[in-house]
Amino acid sequence: MAFSRVARSGLRRSGGTFGSYSNEGDVLLCEGVSIHRNPLPSLQNAKAARDFSYISSFRKINQLNMQSRGIRVTPQYQSATAERIVEESESEYDEPRYPGLEATKPGEKPRVVVLGTGWAACRFMKGLDTKIYDIVCVSPRNHMVFTPLLASTCVGTLEFRSVVEPVNRIQSALATSPNSYFYMASCFGVDTDKHEVYCETISNGGLAHEPYQFKVAYDKLVIAAGSEPLTFGIKGVQEHAFFLREVNHAQEIRKKLLLNLMLSENPGISEEEKKRLLHCVVIGGGPTGVEFSGELSDFIMRDVRDRYTHVKDYVKVTLIEANEILSSFDVSLRQYATNHLTKSGVGLMRGVVKEVHPKNIVLNDGTNVPYGLLVWSTGVGPSQFVKSLDLPKAPGGRIGIDEWLRVPSVEDVFALGDCWTSNCKLIKFTIHLQVAERQGKYLLELFNKIGKHDGGKAFSAKDSALGDPFVYKHLGSMASVGRYKALVDLRQSKDAKGLSHAGFVSWLIWRSAYLTRVISWRNRFYVAMNWATTLVFGRDNSRIG
C-alpha cells in the first residue's frame, strides 16, 4: 500500500526510528567550527530549548497520535520493527503543516526574514532598501533597547520610554508595506533546506488556540537573536538575582529597590534586617556593573539621604568581581574607577560566587553576604535558541560565520551580533554594541548591493560579487562611574597605545556621545529633558506597579 511504503521509507531515512535523525558526521571548518549535516538541519536540536521537534510538532499541531493512524512505535525507538500497520489506509504520511507565509513567487520582491530586534538587527533593517526587499521581523519584543543608558532607568535618572524605540519607527515598511510584517513571536526552528523558519506567538492567552505556531518562508535569513546572561550554572542565580538586559529587568530592579527602602521604615524591623534589606549587591565588574553601581551611589548620595532620612545610614552598595573591574580599560583608568567608587561609598570585594540563596550569597571562600537586592552582570552567552540550531558552531556555542557574515555550508543564512568569524583561523569579536552596529551596517550595504544585481532571491547569490569582507575597527570604550565622572579609553585594543582620560570632561564626552547615538530625535529629546529634570528636581522615587 502507498501508506505502508511511505512509512517504511520514512523509517529507513531516520535510521529505523520516528522522531530522530542520524548524524552523517562532522566537517571541520577552519579551526574549531564544526558543521553538522542532518536531513532537517535546524529542527533536530530545537527540542532541547523549546521541547519541539519535527515529529513532536506534528503531534501537537494535528492533535493526532500514532495509534490513531494505525502505527505503533516501540518505546525508546529501539528497533525498525516498531512499525506495524494495524489498519489499511491509502492516506499519505503528512509532515507538519503550519499556516504562514509561503515562498515568494517570480516577479515578487525577495523576502528577508530577520530574527531579533537588537542593535545589529535594527541597524540592518533601518537601512535596507525596501524598494528591493520585503522585510519580515520576528521577535518576542517590538522595540529596540538603548542598553548603554538602561542602568540610568533603574534609579529614575531616565524614564523607561527614553531608551526604547519601536521597530516600526526604525523601519516604517514593517507598518506600511503590504508584504512586510512584524511578528511578535519566538522562533523555535529553522529548516535551511526548505528556507523556512518556525515560530510560536507571544500572546499570553489572547488566542483561541495556543501555543499558536506558524512558518515564514525566506529568501534571505538574518539571525540576530541576541544573547542571554551567563550564570555559569551557579545554583540560585536564575531564581533570586536580577539581570540588566531588558527594560522589564530595569523596571523590576527599580520596584525592588524602592520597596526595600519603604519596608525598612516600618516599625519593628530589626537593625540586622534593615541592613540586609538596604544592601545592594552587584555581581560583575564590567561596564554594566560599574555604571549601575555608580548610578546607585548617586541615587543614595543625592536622593535617598534627603527622602529616606530614617534609614539613610543603612543603605550600602557592594560590587563583587572575581578579578579587576573594567579589565578591558587602561590600567590608569581602572585605578581611577576603583578610587572614585570607593570614595562614593561603593564597597569593592574580590571573590567568586558559589551559590545564591533568597537572602544571601555564599562565596567560594565561605564568606556569607546578605543582600536585599542582587543584580547579576557577569557577561552574556548564546541563547538557548541559538544553541538549538544545527548550524556551524564556534567554541562557546555561538554561530560560526565567514568574512561576509554568512553561515558556511548553508545557503542564504547570515548571522549578526553575538557571533564568531572564521578567516581560516578563528578570531573572536568581543560582544560589544559597536560590533553589532557595524555588522548591521555592513550587511545592509551587502544586501542592497546584491539585490540591485538580482541576487536577492533564494539560491541566486552564489556567483554574486560580495566585495570587501567585514573588518571591525574598535573606536574606543566609555563608562560612567557616577557623580559627574566617566572614563574614556580611545585605544583600539587592550594592548595598544592611545588616548585615555577620566573625570568631568570625560563625563561630558560620555553623555554627548550617547545622546547622539540614541536612535531617534524623539528619544534624544526625551533623554535631554530627563537629564535636565533630574538635575533640577532630583530623581522620581514613585513606586508604580
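For the structure itself, look to the data block above.
On a predicted model such as this, the values are computed, not experimentally measured, just so you know. (Residues numbered from 1 in each chain as written. Predicted model: local features only at pLDDT ≥ 70, side-chain atom pairs only at ≥ 80, totals over all residues. Heavy atoms only, no water.)

Caption draft 1: Structural context of the overall build of the chain. A count of helices and strands for the chain gives 16 helices and 27 strands. Counting contacts in the chain only where the partners sit at least 6 residues apart, residues at least 24 apart contribute 65% of the total. When the accessible surface of the chain is totalled, it reaches about 26,000 Å², and 52% of it is carbon and sulfur. (Helix = DSSP H or I, 4+ residues; strand = E, 2+ residues; numbered from the N terminus. Contact = heavy atoms within 4.5 Å. Areas by Shrake-Rupley, 256 points an atom, 1.4 Å probe, with all protein chains shown as cover.)

Caption draft 2: Highlighting the nonpolar core. Of all hydrophobic cores here, the largest spans 110 residues; its most connected members are Phe124 and Leu149. There are two domains that each give this core at least three residues, and those are domain 1 (100-229 + 382-451) and domain 2 (242-378 + 476-537). Excluding its chain neighbours within four sequence positions, the residues that come into contact with Leu149 are Leu158, Val163, Trp510, Tyr514, Val518, Val527 and Trp531. Membership of the second largest hydrophobic core comes to 15 residues, among which are Val237, Ile283, Val356 and Leu374. (Core = buried A, V, L, I, M, F, W, Y, C linked by side-chain atoms within 4.5 Å. Buried < 20%, exposed > 50% of the residue type's maximum accessible area, 1.4 Å probe, protein only. Domains from an automatic or database assignment.)

Caption draft 3: Structural context of the sheet that holds strand S19 (residues 373-376). Reading across from one edge, S15-S14-S13-S19 is the order of the four strands in this open sheet, with parallel pairing throughout. Of all strands in the sheet, those with a lone pairing partner are strand S15 (346-350) and S19, marking the two edges. Along the sheet, successive strands turn relative to each other by an average axial angle of 20°, direction set aside. Relative to S15, strand S14 (residues 316-321) runs parallel, the two sharing five bridges. Its bridge partner being in S15, Thr318 is matched across the sheet by Gly347. Where helix H11 (residues 287-307) meets the sheet, its contacts fall on strand S13 (279-283), S14, S15 and S19, and the angle it forms with S14 comes to roughly 170°. Packing against the sheet, helix H12 (residues 331-343) makes contact with S14 and S15, and its axis sits at approximately 130° to S15. (Pairing = 2+ DSSP bridges. Axes fitted to C-alpha atoms, helices over the stretch in contact; angles between N-to-C directions.)

Caption draft 4: Representation of unusual backbone geometry in the model. Backbone geometry places Phe232, a non-glycine residue, at a positive phi of 60°. Relative to the helices and strands, Phe232 is located in the loop between strand S12 (227-229) and helix H8 (237-240). Although it is not a glycine, Leu405 sits at a positive phi angle of roughly 70°. Its location among the elements puts Leu405 in the loop between strand S21 (400-401) and strand S22 (413-415). Under the relative-accessibility criterion, Leu405 is labelled buried at 1%.

Caption draft 5: Quick peek at the pattern of salt bridges. Following the criterion strictly, the structure yields 19 salt bridges and no others. The salt bridge involving Asp134 is made with Lys109; its shortest N-O contact spans 3.4 Å. Of the two residues, Asp134 is situated in strand S5 (residues 134-139) and Lys109 in the loop between strand S3 (100-101) and strand S4 (111-115); the sequence distance between them amounts to 25 residues. Residues Arg522 and Glu165 are paired through a salt bridge, measuring 3.2 Å at the closest nitrogen-oxygen approach. Taken together, the residues span a long stretch of sequence, with Arg522 in helix H16 (residues 521-537) and Glu165 in strand S7 (residues 164-166) at a distance of 357 residues. Glu165 sits in the buried class, given a relative accessible area of 2%. (Salt bridge = Lys/Arg side-chain N within 4 Å of Asp/Glu carboxyl O.)

Caption draft 6: Structural detail: the sheet that holds strand S25 (residues 477-482). Spatial ordering of the open sheet is given by S25-S26-S27, a layout of three strands whose pairing is antiparallel. Only two strands of the sheet have a single partner each, and these edge strands are S25 and strand S27 (500-503). On average, adjacent strands in this sheet sit at an angle of 10° to one another, irrespective of strand direction. Taken together, the four bridges between strand S26 (residues 485-489) and S27 define a ladder with antiparallel strand orientation. Paired with Ala486 across the two strands is Gly503, which belongs to S27. Each of S25, S26 and S27 touches helix H15 (residues 504-517); the most contacted strand, S26, lies at about 75° to it.

Caption draft 7: Examining H15 more closely. Here H15 contains 14 residues, and its C-alpha end-to-end distance of 20 Å stays within 8% of the 20 Å for a straight helix at 1.5 Å per residue. When we look at burial in H15, the residues that qualify are Ser506, Trp507, Trp510, Arg511 and Tyr514. Projection of H15 onto a plane perpendicular to its axis shows the buried side chains occupying an angular sector of 135°, all on one side. Against H11, S25, S26, S27 and H16 lie the buried residues of H15. (Expected span 1.5 Å × (residues − 1). Arc of directions from axis to C-beta.)

Caption draft 8: Just the packing of aromatic side chains, in detail. This structure, assessed with the given rule, holds 14 aromatic pairs. Their ring planes at 35° and their centres at 5.3 Å tell us that Trp119 and Phe146 sit as a pair that is tilted. Taken together, the residues span a long stretch of sequence, with Trp119 in helix H4 (residues 119-127) and Phe146 in the loop between strand S6 (143-145) and helix H5 (150-154) at a distance of 27 residues. Note on Phe146: relative accessible area 1%, which makes it buried. For the ring pair Phe124 and Phe447, a centre distance of 5.1 Å and an interplane angle of 90° mean the geometry is edge-to-face. Of this pair, Phe124 sits in helix H4 while Phe447 sits in helix H14 (residues 433-452), placing them 323 residues apart in sequence. For Phe447, a relative accessible area of 0% puts it in the buried group. (Phe/Tyr/Trp six-rings, centres within 6.5 Å; stacked < 30°, edge-to-face > 60°.)

Caption draft 9: Quick peek at the side chain of Arg539. Inspection of the secondary structure assignment puts Arg539 in the segment after H16. Only 2.9 Å separates the side chain of Arg539 from the side chain of Thr157, close enough to count as a polar contact. Not counting chain neighbours up to four residues away, the residues in contact with Arg539 comprise Val155, Gly156, Thr157, Glu295, Asp298, Phe299, Arg302, Asp303, Arg307 and Thr534. (Polar contact = N/O pair within 3.5 Å; in protein donor to acceptor, adjacent residues only side chain to side chain.)

Caption draft 10: Structural view of the environment of Asp412. Assignment of secondary structure puts Asp412 in the loop between S21 and S22. The spacing of Asp412 and Asp219 is 193 residues in sequence and 6.9 Å in space, taken between C-alpha atoms. Once residues lying within four places of it in the same chain are set aside, the contact partners of Asp412 are His195, Tyr218, Asp219, Lys220, Leu221, Lys457, Ala458 and Phe459. A distance of 2.9 Å separates polar atoms of two side chains, one belonging to Asp412 and the other to His195. Engagement of the side chain of Asp412 in a polar contact is seen with the backbone nitrogen of Phe459, the distance being 2.8 Å.

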